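# Fold and geometry: a report
As a plain string of letters, each chain reads:
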Amino acid sequence: MAGLTLKGVRKAYGTIAVIHGVDLAIADGEFIVFVGPSGCGKSTLLRIIAGLEEVTDGEIAIDGLDVTRVPASDRGLAMVFQSYALYPHMSVYKNMAFALENMGLARSEIDARVRRAAAMLRLTEYVERKPKALSGGQRQRVAIGRAIVRDPKIFLLDEPLSNLDAELRVATRKELAALHAEIGGTMIYVTHDQVEAMTMADRIVVLRGGRIEQVGTPLDLYNRPDNLFVAGFIGSPRMNLLPVQVVSPGLVRLSEASEPIKVTTGSLAAGASATLGVRPEHIALAAEGADLALTIDLVEQLGGDTYFYGSAPGLPQITVRQNGQALRGRGEALPVRFEPAHLHLFDAEGAAVRPGR
Amino acid sequence: MTDLPTGIEPQAAPTVPLLARLRRAGETALGTLLRLVDRPMRLLQRLIGERRMAYVFLLPNLVFFSLFVFVPLAIDLVFSFTGGESLFPSQRPYVGTDQYAYLFDCGSFLDPASCRVDHFWRGVANTLRFTMFQLVSMVAFSLVTALVLNMRIRGRGFFRAVYFFPVLLSPVVVALVWKWILQRDGLLNAGLTTIGGQKILFFVDPGWAMFWSVFVSVWAHMGFYTLILLAGLQAIPADLYEAAQMDATPRWRVFWRITLPLLWPNLIVVIVLALIRGVQTFDEVFVLTGGGPGTATLMIVQYIYETAFASQVQNFGLAAAASIVLGVVLFLLTLAQLSRTRSAS
């Protein structure tokens, strides 16, 4: 297994730049997830690492060795494609053995590796079948098996769960996490699904418009988003983002009529516009001393949790998450209080305001 | 509601473009026609049932097909069991399988000279040789051309058109063009003499005559087969090649293990179609070499044509028997194509 370093990696198609100078260091054995909306460049970045796309500028190093101009076939990486890209005319066994034959391994060694991977992925009874005779989940496992047998330096996975139904996706997500724990390889996983990113990653790389917005552990990103984009992208339901004005150091106000709210304002001057971020679970129902009085627009009862979608004059719709089954109906008043320890403030440019900044 | 202002005349309405008017007229005519046939068709369907209606719709085509294929085939079969020179079946005596016996009367099938109808067997031998060379060259050149035209090369669209262009030409035109190039004082010999070489009598030497017959046939038809193979190549998902790249697959192995197996259904179509076309070859070779020198490029179909229509004694019965034999061979080849295509897909 190996680590990976990207230095100032840029990619442009003619005059259109799609990756704008990405710097990233991935440690040996890490499970890294690239996440971002469609068109953010996450798949392109993965293909650049794979060697399937040439870089316009910058450097890629695997274990300190510059591989920027090394073709895909010589980088020693394995990739699981979104479409699985299984060879349709070959059996499961031959699909997995194909790369090993290219490596010139002995027949016995190939057989041992394929059988071991098939057993690990519960494919033993399907090895003689062709891909068209397999279910989506089984095909996906064959694609992973094809990568595993090669014992690659790094595994690259391009949205491998996107073709599976919701139930199978959750099951396979767990299997992948378990597989990573078992084989301990460096894995780079691309997804647009932040839940996949949060549940599987050691570290998440959030991308937008070909730029890295933030890199960190799932809880880092959840608890300390660097900017409005990450704050809104990570977490489900998404963070409530409310326009506020700084009243004085440490105090902001939602509107002229509302009570001031305590939050770190850093170097923001009084009167500055900002955005207050608060996650749905960090809004408490308040009998008295409420920060805000909402009117309930919609209630979603999930059994274990209840989501209230409420509105207040001049503010976007606010989501409130309550544990258990809260019995309130549409149109009722919902006085709420923000938990001061979990408030986020973002300046007019969208950057997070930290103490002393 | 108020009336329209009196100043607006009907001709002041925006002019409807000609195409739109034509389309509207067409739609109206079609609508009228459909309304006319709607009631009788519904009545018919009620009478014969929904399933049998399929045959009603097949009927018009079946009538034409019968008239121009099945009926001539039946007449041909009848003629093959008759003798004489008359064209009218009523005046032709029944001879049983004599024509077939005469056709197959050979000392050795490998030696046409030992056969009573030696020209037929020379035609068979020539057609086999022609078909074999033509098939191998056609598949090889079409495949290579399709592979090249599938690459990202400059002017790809232009080259695709260039290779397909000869397919649009009439076989007679193709043969005449090449005849002008290859004849004694043709373009090729002019070129040869210009660079100091000697004239080659391409249509006098049996080897050259067969070579150019195959060459012209391949040149004229490979565009069609290239198109079939190109469609097959483009249907292979690009991510399979990327997966092969990630698997560190050498290029030759990508071709043998990925491209060729996935192209196999298209290749089978090309092989069988080229085979059938090879066996049926007539017009190009006939115009180009006239079957010569001697009988060096005489093909089966040319033999049938000459026996029935171009010889002093018009032997329709023998020609019919020969064409039935050819028909059986083509039928078997077509069956093979259908079965191979089914198993390949």
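Residues numbered from 1 in each chain as written. Chains lettered and ligands numbered in written order. Predicted model: local features only at pLDDT ≥ 70, side-chain atom pairs only at ≥ 80, totals over all residues. Heavy atoms only, no water.

### Examining the environment of A:Leu168
Residue and element names in this part refer to chain A. Position of Leu-168 among the secondary structure elements: in helix α5 (residues 166–183). Residue Leu-168 is classed as partly exposed on the basis of its relative accessible area, which comes to 31%. Residues Leu-168 and Gly-137, spaced 31 residues apart in sequence, show a C-alpha to C-alpha distance of 7.0 Å. (Helix = DSSP H or I, 4+ residues; strand = E, 2+ residues; numbered from the N terminus. Buried < 20%, exposed > 50% of the residue type's maximum accessible area, 1.4 Å probe, protein only.)

### Observations regarding the domain arrangement of chain A
All names here are of chain A. By domain assignment, chain A separates into domain 1 (26–54 + 65–232) and domain 2 (240–346). One C-alpha centre belongs to domain 1, the other to domain 2, and the line joining them spans 39 Å. Each partner contributes to the interface: domain 1 provides 8 residues, whereas domain 2 provides 6 residues. Between domain 1 and domain 2 the total buried area reaches about 630 Å² when both faces are included, carbon and sulfur atoms providing 60% of it. Summed over the three residues of domain 1 that lose the most area to domain 2, namely Tyr-222, Leu-228 and Ala-231, the buried surface amounts to 72% of that side. Contributions of two or more residues to the side of domain 1 that touches domain 2 are made by α7 (218–223) and α8 (228–233). Within the side of domain 1 that touches domain 2, the residues separate by chemical class into 5 nonpolar, 3 polar and no charged. (Domains from an automatic or database assignment. Contact = heavy atoms within 4.5 Å. Buried area = accessible area lost by both parts, 1.4 Å probe. Nonpolar A, V, L, I, M, F, W, Y, C, P; charged D, E, K, R; others polar.)

### A closer look at a nonpolar patch on the surface
Residues and elements named next belong to chain B. Among the surface-exposed residues, Leu-59, Leu-62, Val-63, Phe-64, Phe-65, Leu-67, Phe-68, Val-69, Phe-70 and Leu-73 lie close enough to one another that they form a single nonpolar patch of about 990 Å² accessible area. Topologically, Phe-70 is positioned in helix α2 (residues 50–80). Assessed through its relative accessible area of 42%, Phe-70 is described here as partly exposed. (Patch = residues over 30% accessible without salt bridge, like charges linked within 9 Å, V, L, I, M, F, W, Y side chains within 5 Å. Areas by Shrake-Rupley, 256 points an atom, 1.4 Å probe, with all protein chains shown as cover. Salt bridge = Lys/Arg side-chain N within 4 Å of Asp/Glu carboxyl O.)

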